[in-house]
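# Structure assessment
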Amino acid sequence: MGNYMSAYLHCLHVEIDSNDFSAYSDSQYDDFTYFSDVKTVYTDFSRYDDSYETRTLRSEFSEDNRKKLQISDYNSISSLKNKRYERYPRLKKIAKEIKEVGMLKRHPSLTWLKTIFDEVNHEIAEFHDDEIDAGLSEALYHLLEVMLRHPRMCTDEKISIICMELELLHHCSNLQLEESFENIGIDLISLLLQVLNRFQEEFSKRKAITVNIFRNIVRIFGYFAIIKSAHNCMIDHTKIVDGLVKVLLLSRDSIIQIDVVWAISNLAFTDSAREKILGHPDLLDVLLSLSGGSSELRNEVSAAFMNFTGSSLNQENLIGSPKFLAALIRLLSTGTLITKSRAAGAFRNLASNTTRKQELITFGDGIIIDTLINAISNFMDDEKICCRATGTLNNLISPKSAGKMAQHRNLIAILTAIVCECKFQYAKTSSSTALRKLVSEINYPSSSHKIILKFLEMTSKMCAKDKIDLLLSDLLLIQASKESNHIPMVKNKGILQSLALLGYSNNVGTRVNVVKTIDQLARNRKNLMELGKCQDLMKSANDIFQHKGAENIDSQVQLFHVIAAVIGQDKKKRTVLK
C-alpha cells in the first residue's frame with residue numbers, strides 16, 4: 001500500500017490558500033438542497049457495538065506457583081465427572097469444618113489452612129464451581145470476618161492464605177461467579193476493603209506477604225467486575241473505587257497495577273459508572289502516569305481509556321485535557337496491537353462528541369489525524385485498529401470541519417486506499433461515508449474545492465475500476481447536485497475524462513450515475529458546448545447506448561435528451577455527429 005499511497009499523494013497535491021475560507025459554508029446537512037434525483041445517505045457511526053471492552057479472566061498468573069493440575073489431566077469427560085462426584089462430599093465436609101472453626105472461634109492452624117489451600121490450588125474451573133457450590137467461599141468469608149474481629153485468632157500469614165483461597169475459588173465460571181456474588185459479594189468486598197486498610201502501611205513498605213494479600217484481593221474485585229449483574233452494586237459501593245485507586249497510588253508492583261486497572265476498566269460498563277469512576281480526583285492522573293509502563297500495563301490502561309470515553313460527559317472533560325490526548329497518541333503510536341486498537345477506539349468515541357471535534361482536529365497541529373492515518377497505513381490488516389481509526393476519521397468530518405479535514409495532505413488518499421484495498425467492510429463503509437461527506441460539504445468557491453476536484457479526477461485513473469466505480473460516480477453526482485459546481489466541473493477536463501471512463505463501466509448503477517451527472521451539468525446552457533467538444537465523453541455516451549436490457553432504458557432516454565440539447569446548441573452539428 002505504501003507505493004500506492006506515495007503515487008496517489010503526488011498526484012493529489014494541490015496548493016491551498018489557507019486564509020481563504022470566506023466561501024465555506026457551515027450549514028448542517030439537512031440545509032443542503034439537492035436535485036430530486038440525487039440521494040445522499042450517511043451512515044451514523046457515532047455509537048458503536050464495540051465502544052466498550054470487557055475482558056474475561058486474565059491468564060497471566062505465572063508467579064502464583066499453582067499446581068499444574070489442569071482439565072487436560074483428565075482424558076475423558078466421564079473421568080472428569082467421576083472426579084467431581086468423588087470430590088463433592090469431601091468439599092461439603094471441609095466447608096462444614098471451616099464454619100465450625102469460625103462459629104466456635106477456634107484458632108485455625110496454618111497446617112489446617114494449608115490443607116484447604118492444597119485442595120483448591122488448581123486451574124480447573126469446573127472444580128472451582130463445585131467448591132463454591134459446596135459452600136467453601138461462604139465459609140471462608142465468615143471465618144475471615146471472625147478472625148478480623150478477634151485479633152488473637154489471626155496472623156498476617158493466615159489472612160494471606162485465606163485471601164489466596166478465596167481468589168482461587170473465584171477463578172471459576174461466570175455463572176458460579178454470579179451465584180457467589182449474590183450470596184456474599186458485597187459483604188465479601190466490604191470485608192476485603194477492611195483488610196486493605198489494615199495492611200496499608202505494611203503494603204507501602206512492600207512487604208512480600210502484604211503484596212501477596214493485595215494481589216489476591218484485587219483479583220477478586222476484578223472477577224466480580226466481569227459480572228454485569230454486579231456492576232451497579234459495586235459502583236454504588238463508594239469505597240470500592242477509592243480502595244482500588246489507593247492501591248494504585250501505593251503500589252509499585254506491576255502485577256497489582258495491571259489487575260487494578262483491569263478491574264476498573266471492567267467496572268466502566270455504563271455511562272453513569274464511567275462518570276462516577278472517572279470522577280475520582282486521583283484516578284486520571286495515576287492512569288496517565290501508568291500509560292508509559294510495561295506493554296501489558298499499557299494494554300489495560302488503553303482499555304480503561306476506551307471505556308471511559310464512552311460517556312458524553314467524560315468526552316467533554318477528556319478532550320479538554322492535553323495530557324490525556326498526548327497519552328492516547330503515544331499509546332496509538334507505540335503500543336502493542338491490542339493497545340493501538342483500544343487507543344483508536346478511545347479516539348473514535350471522543351470523535352463522536354458533537355461539540356468539540358474541532359479541538360481534536362487542531363490539537364498539536366493535526367497530530368491526532370497524522371497518528372490515525374499512520375496506524376491505518378501500517379496496520380490495515382488488523383481489523384480493530386483499521387476499523388476504529390477509520391471510524392474516528394469519519395466521525396471527525398462535519399459541516400464545520402470538512403474544509404479543514406480535506407486540506408490534510410494524506411486524508412483523502414488513505415480513505416481512498418481503504419475503499420480500494422481494505423478487506424473489512426466496516427472500514428470500507430466508514431471511508432465511503434467520510435468521502436461522501438467531504439464531497440457534499442465542500443463546494444465552489446471554497447478554498448478546498450480544488451482538492452475535491454483533483455481527487456475526483458485522479459481516482460478514476462489510479463484505482464481498479466471494479467473497486468471504486470460506483471462510489472466515484474456517486475461522488476461526482478453529489479458534486480453536480482450543487483449548481484455552483486457546474487462550471488468549475490465542466491472547465492476541468494480531468495472531470496469530464498473521469499465521467500467518460502466511468503461511462504464504460506460494466507456496473508449499471510455507475511452508468512446511471514454518469515448519465516445523471518451529465519444531465520445535471522447540461523442544465524446550465526453555458527456548459528453544453530463544452531460537453532459537446534469532449535470527444536471522449538461523446539464516445540462514452542455512444543457506448544452507453546449500446547447496452548441492452550430494461551435496466552438501461554431510463555438512463556439512455558435521459559442521455560438522449562442531453563445529446564439532443566447539445567446538438568441544438570451546436571449550430572453546425574459537426575462536433576457531436578462526428
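Now for a description of the structure that goes with this document. Quick caveat, the model's predicted, so the values are computed rather than measured.

## Notes on the overall build of the protein chain
Each helix and strand counted, the protein chain has 33 helices and 0 strands in total. Burial analysis of the protein chain (578 residues in total) assigns 56% to the buried set. For the protein chain, long-range pairs separated by at least 24 residues make up 78% of all intrachain contacts whose partners lie at least 6 apart in sequence. Carbon and sulfur atoms make up 50% of the accessible area of the protein chain, which totals about 25,400 Å².

## Let's talk about helix H18 (residues 337-351)
Along its 15 residues, H18 runs 21 Å from first to last C-alpha, staying within 8% of the 21 Å computed at 1.5 Å per residue. Burial analysis of H18 places 13 of its 15 residues in the buried class, which makes it a mostly covered element.

## A closer look at the pattern of salt bridges
Across all of its chains, the model carries 16 salt bridges by this definition. Glu 119 serves as the salt-bridge partner of Arg 90, at 3.0 Å between the closest nitrogen and oxygen. Here Arg 90, found in helix H2 (residues 77-103), pairs with Glu 119, found in helix H3 (residues 110-120); they are 29 residues apart in sequence, far enough to count as distant. Accessibility expressed as a relative area gives 33% for Arg 90, which makes it partly exposed. Exposure remark for Glu 119: the relative accessible area of 17% places this residue in the buried category. In this structure, Asp 259 and Arg 219 form a salt bridge, with 2.9 Å as the shortest nitrogen-oxygen distance. With Asp 259 in helix H12 (residues 254-267) and Arg 219 in helix H9 (residues 208-226), this pair connects stretches of sequence that are 40 residues apart. This pair shows no difference in class: Asp 259 is buried, exactly as Arg 219 is.

## Brief notes about the side chain of Ser 505
Tracing the backbone through its elements, the reader meets Ser 505 in the loop between helix H28 (493-503) and helix H29 (508-522). Using a relative accessible area of 4% as the deciding quantity, one classes Ser 505 as buried. For Ser 505, the side chain forms a polar contact with the main-chain nitrogen of Asn 507, separated by 3.0 Å. With residues near it in sequence (within four places) discarded, Ser 505 still touches Asp 469, Thr 510, Arg 511 and His 547.

## Re the environment of Gly 503
Tracing the sequence through the fold places Gly 503 in helix H28. Owing to a relative accessible area of 0%, Gly 503 belongs among the buried residues under this scheme. C-alpha of Gly 503 to C-alpha of Ala 541: the two residues are 38 residues apart in sequence and 6.9 Å apart in space. If sequence neighbours within four positions are ignored, Gly 503 has contacts with Arg 511, Val 514, Ser 540, Asp 543 and Ile 544.

## A look at the environment of Ile 189
Along the chain, the position of Ile 189 falls in helix H7 (residues 174-198). For Ile 189, a relative accessible area of 0% corresponds to the buried category. Here Ile 189 is in contact with Phe 181, Phe 221, Phe 224, Met 234 and Ile 240, once residues within four sequence places are set aside.

## Side note on H9
End to end, H9 covers 28 Å across 19 residues, agreeing with the expected 27 Å (1.5 Å per residue, within 8%). In terms of burial, H9 is largely enclosed, as 16 of its 19 residues are buried.

## Here we look at a negative patch on the surface
Together, Asp 133, Glu 178, Glu 179 and Glu 182 line one region of the surface with negative charge. The greatest single-element share of the negative patch, amounting to 3 residues, is contributed by H7. The residue Glu 178 is located in helix H7 in this model.

## Description of the packing of helix H13 (residues 271-278) against helix H16 (residues 312-319)
Taken N-terminus to C-terminus, the directions of H13 and H16 make an angle of 35 degrees; their axes are 8 Å apart at the nearest point. Every residue of H16 that contacts H13 at Arg 274, Glu 275 and Leu 278 is listed here: Leu 313, Asn 314 and Leu 318. Its residues assigned to classes, the contact of H13 with H16 shows 3 nonpolar, 1 polar and 2 charged.

## Concerning the environment of Asp 474
Topologically, Asp 474 is positioned in helix H26 (residues 465-480). The buried category is assigned to Asp 474, whose relative accessible area is 13%. Through-space distance from the C-alpha of Asp 474 to that of Lys 516 is 9.8 Å; in sequence the pair is 42 residues apart.

## As for the nonpolar core
Membership of the largest hydrophobic core comes to 173 residues, with the highest contact counts inside it found for Phe 308 and Leu 438. Among the elements that make up this core, the one with the highest residue count is H9 (11 residues).

## Overview of the packing of helix H15 (residues 295-308) against H18
Close contact between H15 and H18 brings their axes to 8 Å; oriented N to C, the two are set at 20 degrees. Taken together, the axis directions place H15 and H18 in an arrangement best described as roughly parallel. In the crossing of H15 with H18, the sense of the turn from one axis to the other is left-handed. Facing H15, whose interface residues are Ser 295, Arg 298, Asn 299, Glu 300, Ser 302, Ala 303, Phe 305 and Met 306, H18 presents Ile 338, Thr 339, Arg 342, Ala 343, Gly 345, Ala 346 and Asn 349. Class assignment for the residues of the contact of H15 with H18 results in 6 nonpolar, 6 polar and 3 charged.

Conventions adopted
- Residues numbered from 1 in each chain as written.
- Predicted model: local features only at pLDDT ≥ 70, side-chain atom pairs only at ≥ 80, totals over all residues.
- Heavy atoms only, no water.
- Helix = DSSP H or I, 4+ residues; strand = E, 2+ residues; numbered from the N terminus.
- Buried < 20%, exposed > 50% of the residue type's maximum accessible area, 1.4 Å probe, protein only.
- Contact = heavy atoms within 4.5 Å.
- Areas by Shrake-Rupley, 256 points an atom, 1.4 Å probe, with all protein chains shown as cover.
- Expected span 1.5 Å × (residues − 1).
- Salt bridge = Lys/Arg side-chain N within 4 Å of Asp/Glu carboxyl O.
- Polar contact = N/O pair within 3.5 Å; in protein donor to acceptor, adjacent residues only side chain to side chain.
- Patch = residues over 30% accessible without salt bridge, like charges linked within 9 Å, V, L, I, M, F, W, Y side chains within 5 Å.
- Lys, Arg positive; Asp, Glu negative; His and termini not counted.
- Charge placed at Lys NZ, Arg CZ, Asp CG, Glu CD.
- Axes fitted to C-alpha atoms, helices over the stretch in contact; angles between N-to-C directions.
- Nonpolar A, V, L, I, M, F, W, Y, C, P; charged D, E, K, R; others polar.
- Core = buried A, V, L, I, M, F, W, Y, C linked by side-chain atoms within 4.5 Å.
- Parallel < 35°, antiparallel > 145°, perpendicular 65-115°, else oblique.
- Left-handed = near helix turned anticlockwise from the far one by under 90°.

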